[in-house]
Structures are given as C-alpha cells and as structure tokens.
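# Geometric and topological summary
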Amino acid sequence: MKRPRIRVRSASGGQTPTESSPSKNRTRTIPTFSFETYCGKTYGVQDLSVGFLGGFAGGLATGFLLFGHPVPELVLAILFGWYFRGAWVRHKVEKRKRDFLDQFCDYLDSIATSLAVGRNGYESFLTADDDMKELYEKGAPIRYASGRLTEGLKNGRSIPDLLREMAEETDCSSVRTFGEIYQICSTAGGNLKHIVGDTRNMIIEKIAIEQEIQTVLTGPKNELNIMVLMPLVILASLRVLGGGIITDDSSSMLVNTVALGIFGGSYWLGRKIVDIRV
C-alpha cells in the first residue's frame, strides 16, 4: 500500500497552511510522526495523544491478561501506545485522501460544465474554485487544493504546472493523470470538455470498484479481528475463573511473549493480504 506523502511543519513556522496564503506556509518532509500535514490539515498533539492513549490502554489490558506483572504490562503499554500514535494519524490521513478523491470528482464536473458553456481553461478553474467554496465547508481538502491552484493562476503560472503540483501535494494518481492529459491537449490540441468528463468517469469507476472490493473483504477482516481477540477473551475468562489455572512465573511470561509475537505477526500478515487497492 502506498502511503500518502506526509508534510511536516518546520519548527520556525508555527502556522498551518491556509487557503488564503498558501505560499507563506512551506513545509518540509522528514521521517517523523510529529505535526504531520496533508492537504492543508495538520495532525498535531491532539491526534497523536489520542492514538497514544488508545494504544496505551490496549497494551495495558493485553499485558495484564498475558503477564499479570506491572513491569511487562507497562513496557507493552508503552510499545502499543508508540505504535498506535503513528497508526492513528496514518488512518486519518488515508481518510482525508479518500475524501479528496471524492470531492475531486465534483471539481472536475464543475470544470467540464464551465468548458461546455464556452469558458476558457483559466475561467473554468476559477469558477470551479468558487463552486467548491459553496459545496464544501472550510477545511475540506478540495478547497485547500483548489485555493492553491487558483492562487497560482492569479500569479501567472500555467495550469499544467499547477496540476502537477497538486498531484504531488495530494499524492493522487488521478490528478497526476489528468494533469498530464491536460498538458498534452493544451499543447497538441484536443477536446478538453470530453477529457475532463472522461477523467471524472474514470475516477468514479475506480471508487466504485474499491467500494465493491471493501464490501467483499468485510467478512475476512472481521474474521481476522476475531482471531486476534479470541485468545485474549479466553485468557480473561481463565483469570476470572481463577483456581491457579494461569501462573505468572517466568516460564509462562516467556511462552506468552512468544505467543504474542506469533499473533502479532499473523495479524500483520493478514492485514497485508486483505488490504487490496485499485
């Protein structure tokens, strides 16, 4: 699975990119999980804290069921919290990326409508930006991306260059394809109205196929989650029953640690298998 390109605010620039002043909020890409930004939305301390606390609580409960000793429980809770702080942000970034792709279809529909009534490319993109402001609330990914493109148009930049920049920032292959086709048509000639409409239909078909795949994979994903949770449920039942069924000596801790690694690896492999993208 291809991860979306994450951008991080520099320490000197404490502002979040906005629609009105995109050029003043340059970001740099570094391998860290702090203050990540995708398409105008910054995921900072609050989102990282939610992911860490959720993972910490899950790790603490798992450690209690497996080990019954405070030291390994705390270590496992910290490891879970550290992992899920990044996983939670990646999940939200993926969701915002899907939202952008859905909204980009409306953006192309507005451009095609403007081209159909006789407007040129410059006016069509400006009109589409106004339409996105009416359709979606402030902070929507398409409003941020469209605002940056409109700002570049007003500064005299070419549409193909701005579409290429939008594709890089959103890490969206559909935008990249549309930009390449638009550049070819602008240079060699072509029916832009039909091209915009065909691109929109292609994206809609892609989204429909992905939804069908996710529907088919719903059952296997649920089975995978149940497979991971069932051993913990059994351990919880045995601890409630008591009677010395479960011991917390060093040999039991070693066996439980190996079992935890096996289940963790199996779950990771299972998620890779059921994670199918178009």
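Values in this document were obtained by computation on a predicted structure and should not be read as measured data.

## Side note on the overall build of the protein chain
Scanning the protein chain from terminus to terminus reveals 8 helices and 3 strands. Going residue by residue from the N terminus, the α and β elements of the protein chain occur as β-β-β-α-α-α-α-α-α-α-α. Taken across its 278 residues, the protein chain has 38% of its residues classed as buried. The contacts of the protein chain with a sequence gap of at least 6 include a subset with a gap of at least 24, amounting to 66%. Accessible surface, the protein chain: about 15,600 Å² in total, of which carbon and sulfur atoms supply 60%.

## Topic: the nonpolar core
Nonpolar side chains tend to gather and get buried jointly when the protein is soluble and globular. Ranked by internal contacts, the top residues of the largest apolar core, which has 41 residues, are Phe100, Phe104, Tyr107, Phe125, Ile142, Leu149 and Phe178. With 11 residues, helix α2 (residues 70–116) is the largest single contributor of residues to this core. Not counting residues within four places of it along the chain, the set of residues in contact with isoleucine 142 comprises Phe100, Gln103, Phe104, Tyr107, Met132 and Tyr136. Residues Phe67, Leu76, Leu235 and Met253 belong to the second largest nonpolar core, which totals 6 residues.

## Regarding the packing of helix α1 (residues 45–66) against α2
Describing two packed helices takes the angle between their axes plus the distance from one axis to the other. The interhelical angle for the contact between α1 and α2, taken along N-to-C directions, is 140°, at an axis separation of 6 Å. In this structure, α1 crosses over α2, and the sense of that crossing is right-handed. Here the residues of the contact of α1 with α2 sort into 15 nonpolar, 7 polar and 4 charged.

## Focus: the pattern of salt bridges
Pairs can form between side chains of opposite charge once their charged atoms are near each other. Evaluation of the coordinates by the stated rule reveals 9 salt bridges. Across the salt bridge formed by arginine 148 and glutamate 169, the nearest N and O atoms sit 2.8 Å from each other. Placement of the pair is arginine 148 in helix α4 (residues 141–154) and glutamate 169 in helix α5 (residues 159–170), with a sequence separation of 21 residues. By relative accessible area, glutamate 169 is classed as buried at 16%. Between arginine 157 and glutamate 165 there is a salt bridge, with its nearest N and O atoms 3.1 Å apart.

## What to know about the confidence of the model for the protein chain
Per-residue confidence for the protein chain gives a mean pLDDT of 79; residues scoring 70 or more make up 84%. The element-level mean pLDDT for the protein chain is lowest in strand β1 (residues 7–8), coming to 40, with α4 highest at 92. Every residue in residues 1–33 is under pLDDT 50, and counting partners more than four places away or in other chains gives 69 contacts.

## Quick word on empty space enclosed by the protein
Where empty space is left can be seen by rolling a probe of water-molecule size over the atoms. In total, this model carries 1 cavity of 30 Å³ or more according to the counting rule given. Estimated volume of the largest cavity: approximately 70 Å³. Together, Cys39, Tyr144, Ala145, Arg148, Leu149, Leu162, Glu165, Met166, Glu169 and Thr170 line the largest cavity. Broken down by secondary-structure element, the contributors of at least two residues to the lining of the largest cavity are α4 and α5. Looking at the lining of the largest cavity residue by residue, the classes come out as 6 nonpolar, 1 polar and 3 charged.

## Re the side chain of threonine 150
Note that threonine 150 resides in helix α4. According to the relative accessible area criterion, threonine 150 is buried, its value standing at 5%. With residues near it in sequence (within four places) discarded, threonine 150 still touches Phe125, Leu126 and Asp129.

## Structural notes on the packing of aromatic side chains
Enumeration over the complete set of coordinates arrives at 9 aromatic pairs. Centroid distance phenylalanine 100 to phenylalanine 104: 5.7 Å. Interplanar angle 25°. Geometry classified as stacked. Taken together, the residues phenylalanine 100 and phenylalanine 104, both in helix α2 and 4 residues apart, mark about one turn of the helix. By the burial criterion, phenylalanine 100 is buried, and phenylalanine 104 matches it. Judged by centre distance (6.3 Å) and plane angle (75°), the ring pair of phenylalanine 104 and phenylalanine 178 falls under edge-to-face.

## A closer look at the state of the cysteines
A covalent bond between the sulfur atoms of two cysteines is what we call a disulfide. One pass over the full model with this rule turns up 0 disulfides. Free of any disulfide, cysteine 105 has its nearest cysteine sulfur in cysteine 172, 9.1 Å distant.

## Considering unusual backbone geometry
Positive phi is not limited to glycine here, since cysteine 39 has a value of about 55°. Tracing the backbone through its elements, the reader meets cysteine 39 in the loop between β2 (36–38) and β3 (41–43).

Rules behind the numbers
- Residues numbered from 1 in each chain as written.
- Predicted model: local features only at pLDDT ≥ 70, side-chain atom pairs only at ≥ 80, totals over all residues.
- Heavy atoms only, no water.
- Helix = DSSP H or I, 4+ residues; strand = E, 2+ residues; numbered from the N terminus.
- Buried < 20%, exposed > 50% of the residue type's maximum accessible area, 1.4 Å probe, protein only.
- Contact = heavy atoms within 4.5 Å.
- Areas by Shrake-Rupley, 256 points an atom, 1.4 Å probe, with all protein chains shown as cover.
- Core = buried A, V, L, I, M, F, W, Y, C linked by side-chain atoms within 4.5 Å.
- Axes fitted to C-alpha atoms, helices over the stretch in contact; angles between N-to-C directions.
- Left-handed = near helix turned anticlockwise from the far one by under 90°.
- Nonpolar A, V, L, I, M, F, W, Y, C, P; charged D, E, K, R; others polar.
- Salt bridge = Lys/Arg side-chain N within 4 Å of Asp/Glu carboxyl O.
- pLDDT = per-residue confidence, 0-100.
- 1 Å grid on protein atoms, 1.4 Å probe; cavity = no way out; pocket = protein on both sides within 12 Å on 5 of 7 lines; lining within 4 Å.
- Points joined across faces, edges and corners; volume = space filled by probe spheres on them.
- Phe/Tyr/Trp six-rings, centres within 6.5 Å; stacked < 30°, edge-to-face > 60°.
- Disulfide = S-S within 2.5 Å.

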